[in-house]
Every structure is written in C-alpha cells, then in structure tokens.
Amino acid sequence: MKAKFKIESQDIWAAQKNKWQISNNDKKEKKKEKVRYVIYISIFISIILWFGKIKKIDYSLAQWGIAFVELIIVLFAFVPLVVQLLYVLICWIQRKHLLKKSFFGNESTIIVDENGITTSPENKKSKSLRWQDIVQVGEDDFRYFLYLTDKTFIIVKKEPHNLTKEEQVKFNEKIKKNLNNFIRSKPFINKPLFSLQIALVMVLLIMLFTSLTPSQKETTGPVYELEQDVYELFEYVGEDSSESIIKDNLTVEEIDNVRRNMHKIFEELDPPTHVRMPLSNLVKEAEKQYLEKIHVPTEETNRIFSGESEHFLIDDFEVEVIFDKIKYHESELFIKDNSGISVEYLDEFTVEISTIFHERHEKRIYTFVYSEDIADYIDLEQIIVGGTEYLLFINEETGFTIIEPTAFEDINKIELIVQWKEKDKEQIHEERITLTQK
C-alpha cells in the first residue's frame, strides 16, 4: 500500500516531544536522573557549607530548614523546568536547521508491505527498512514515530491525503499488525505541574533575592549602628580582635556607653552568634588595651581595703571598679597566730566575697575553696583571695539582666565570708570580715 503526505515543521516538533516522553519512561534514563539528583544535592550542600565557612556564618536550625526547602525546590521544580526549557530550545534550533533541507515540506511516499517500509522522499533516493529494524514505536493522534536508533526515526502520518477513509483504516491496521510496544505520547507540558513548577521557582527566586539583598539589620537599625559605634573605639580593626588597636584618646565613658548599649541590644534583639561574638570580643579587647595603655589608677577606680575578724586578717586588699566590673586584686588572707585554727586539722575551708550594691543587689563569688578531695592541689598554708565580677543584675519588672553603672559610692559593703570545718566534726564555723578603706 502506497501512502503520500508532507512532513511539516509541526510534525518534527511532535516527534521531538514524543522522544522526550520515551526518554522519561526509559529505565536507563531514570537511573541517570537519580545519579544527577545525587550530584545536584552534593553540589548544593557543598556550596552552602563553603559559603558559610567563607562568610563565617553559624547556620541555625531555621536557616538549615530554609536551605532544605530551597534544595527541594531546586531538585523538583527548578532543575526539571530548566532541563525541559533547554530541550525546547535545542529542538527549535534543530527545526531551524531542518528548514534548510530540500525535502522538508515536500511530499514523501511510504510503501507498506509484509516485509517492511520503503520511504521515497521527493527528489531523494528511496530507502527500505525491515520491521525488525524498528526498535521502538511512538504515536500521537496523527502520526507514528518509528525509531531505528536513539537519534534516527521516521515519521508516518496516520491519514495520508491520497487514501480514502477506508484505505486509511487498512493502512493503520497494517502498521499496527507488524509493530508492537507502542508508546502513546502524553502532553509535553503537564499544565497543572508546569504551573506548580513556575510558582515554586518564583518562590525560590524571591528567597534567593531576599538572602542576597542586604537586610535592614545589616545596613540600618540598632545592630548596624552598634557595629559602627564599636569600630569607632579603634584606630584599626583587624581580622582578629587581638590585632585591633584602640585610638589614643579613648575614654572609659566611651567604652562604657558602647558596652551598655550592646548588652541592651543583645537582650532585646538576640542577634545570631556570628554577629554577637565579634562585637563582644572587640569591646573586651578595647577594655583590655585601655587598662594596659591608658588607665592610671585613681581614687575613683582603685581603692585599698583591710579588715579582720576574730580568727582572720587581710590587709592591702585592692578593689578596682571600672567597665561595669568589680575586680578584687589577689591578696593573702592570714589566719591569726592565736586563733587556735590549725590547717592540718581542717577538712573544708571556703572564702566568699560578698558585695552589696545600691542597697539592694548582692554579688557573691567563691574566691577560695578547699576540701580533702582536692588537698593535693590547694595549699592551705597560703590563702589567696581575689577575682572579677560583672555587675549584671536581674530587673525584677522585666526579668532581663541589666547593667547598672556602679562607682565606689554605690557600694554599700564588702565582706569576706569565711567558712571552715574541722576533721571528724560536723559543725561548720563562719566568720565575716567587713572591709574598710585604708
């Protein structure tokens, strides 16, 4: 039976769409797709880890969750959509190339018999192929696509213009009789899925645009202004805080104002660790360098105390109040000679420093602790007391910790609380040494 028809541009496009469908149903292609997805996941996670390392970002659980959502969108919406669009572009280029071929748009003749098919394009040499040469068959409503290889196929229209309706029916029956494994073309674009993919890609683009665009917190707002204030404490700010150099005319008031404002902002906004740590370290470095390079002890910041109780004595105990911290410089606590306390018979011995501020806050720190368990590491023959305490207090109304500026005039009392217990005895003795300025 001889059939005649023309191969137009839309016929080539139909064949290309059918090939796409066949490839998606092929087991080998599905395995390749899984391998590609594993590669995509590895690349995506590697980029996140590399970016976090370069930018010194401490990803929170929420940020990892956002990254996971972005990964899902990339894998199941963005990548398939891009691949399909690229395929459309390649097919369009191929059709443009085929337009230059002389047979394109001309009439072709197909002869179908029991042995196979003979094609006779107009002005071209005839070619014959056996039915067994056809490895795969695709079809849509108007055409058959007979695949000889992955890249070679023949288009046969179901309604040749030179045949009557009855002849067309016999023509199609003859082809189907000799071929099997038909793959019916599905819509090249699944409209609901395509719409969902477009929506997800738009969400991805918005998320990426938001993450790449500097946020208001980074360029304006309290955290940004705090960062500028911290930098103004320095002549030079290095990669590491220890490399930074404070400015020559730096004052205690400047450091205090920046630190108090920093603590307030951290309490209210709770910025991420990668923001908090560098600023905190720089402020501490500014304090340290100020004490080393600029600070001159005065009556306002450094005072000497002494005191005694029935069994104990301390002298030249220096207390320093600066940078909202109270520092007790190391000093020796003596057991009086006539106290009757022998260190070799002591089982426990502790010393606390208690300081009352603003008539309502008490700060205690353990400055010396001894027990039999750590006797090999602590020498009771020399009792050294001292330490540093940050002046942070709990605001009873809000529950937040606050810093109250404190000077020596705000300190109501400093005491050493000494407790001891003798071996084989249950009684714990306590004495308090009230310190007075010398």
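Residues numbered from 1 in each chain as written. Predicted model: local features only at pLDDT ≥ 70, side-chain atom pairs only at ≥ 80, totals over all residues. Heavy atoms only, no water.

*Asks:* If you had to explain the pattern of salt bridges to someone new, which residues and values would you point to?
*Replies:* In this structure the tally under the stated criterion is 25 salt bridges. Asp 11 is the salt-bridge partner of Arg 143, the closest N and O atoms lying 2.6 Å from each other. Taken as a pair, Arg 143 in strand E6 (residues 143-147) and Asp 11 in helix H1 (residues 9-25) lie far apart in primary sequence, 132 residues in all. Both residues of the pair, Arg 143 and Asp 11, belong to the buried class. The shortest N-O distance in the salt bridge between Arg 259 and Glu 287 comes to 2.8 Å. Linking Arg 259 in helix H8 (residues 252-269) with Glu 287 in helix H9 (residues 273-293), this pair joins segments that are 28 residues apart in sequence. A relative accessible area of 7% means that Glu 287 is categorised as buried. (Salt bridge = Lys/Arg side-chain N within 4 Å of Asp/Glu carboxyl O. Helix = DSSP H or I, 4+ residues; strand = E, 2+ residues; numbered from the N terminus. Buried < 20%, exposed > 50% of the residue type's maximum accessible area, 1.4 Å probe, protein only.)

*Asks:* I'd like a rundown of the sheet that holds strand E21 (residues 436-437), residues and numbers included.
*Replies:* Strand order across the open sheet formed by 5 strands is E16-E13-E12-E11-E21, with antiparallel pairing between neighbours. Each edge of the open sheet carries a strand with a single partner, namely strand E16 (383-390) and E21. Examined bridge by bridge, strand E11 (residues 302-308) and strand E12 (residues 312-322) share 6 bridges and lie antiparallel to one another. What sits directly across from Gly 307, in E12, is Ile 314. (Pairing = 2+ DSSP bridges.)

*Asks:* So what about the packing of aromatic side chains? Which residues, and what values?
*Replies:* According to the stated counting rule, one finds 6 aromatic pairs in the structure shown. Taking the centre distance of 5.7 Å and the plane angle of 80 degrees together, the rings of Tyr 290 and Phe 323 count as edge-to-face. Here Phe 323 lies in the loop between E12 and strand E13 (325-335) and Tyr 290 lies in helix H9, a separation of 33 residues in the sequence. These aromatic residues form a ring-pair network of at least three members: Phe 312, Phe 349, Phe 368 and Trp 420. Over the aromatic face of Tyr 144 sits the side chain of Lys 158, whose NZ or CZ is 5.0 Å from the ring centroid. (Phe/Tyr/Trp six-rings, centres within 6.5 Å; stacked < 30°, edge-to-face > 60°. Lys NZ or Arg CZ within 6 Å of the ring centre and 35° of its normal.)

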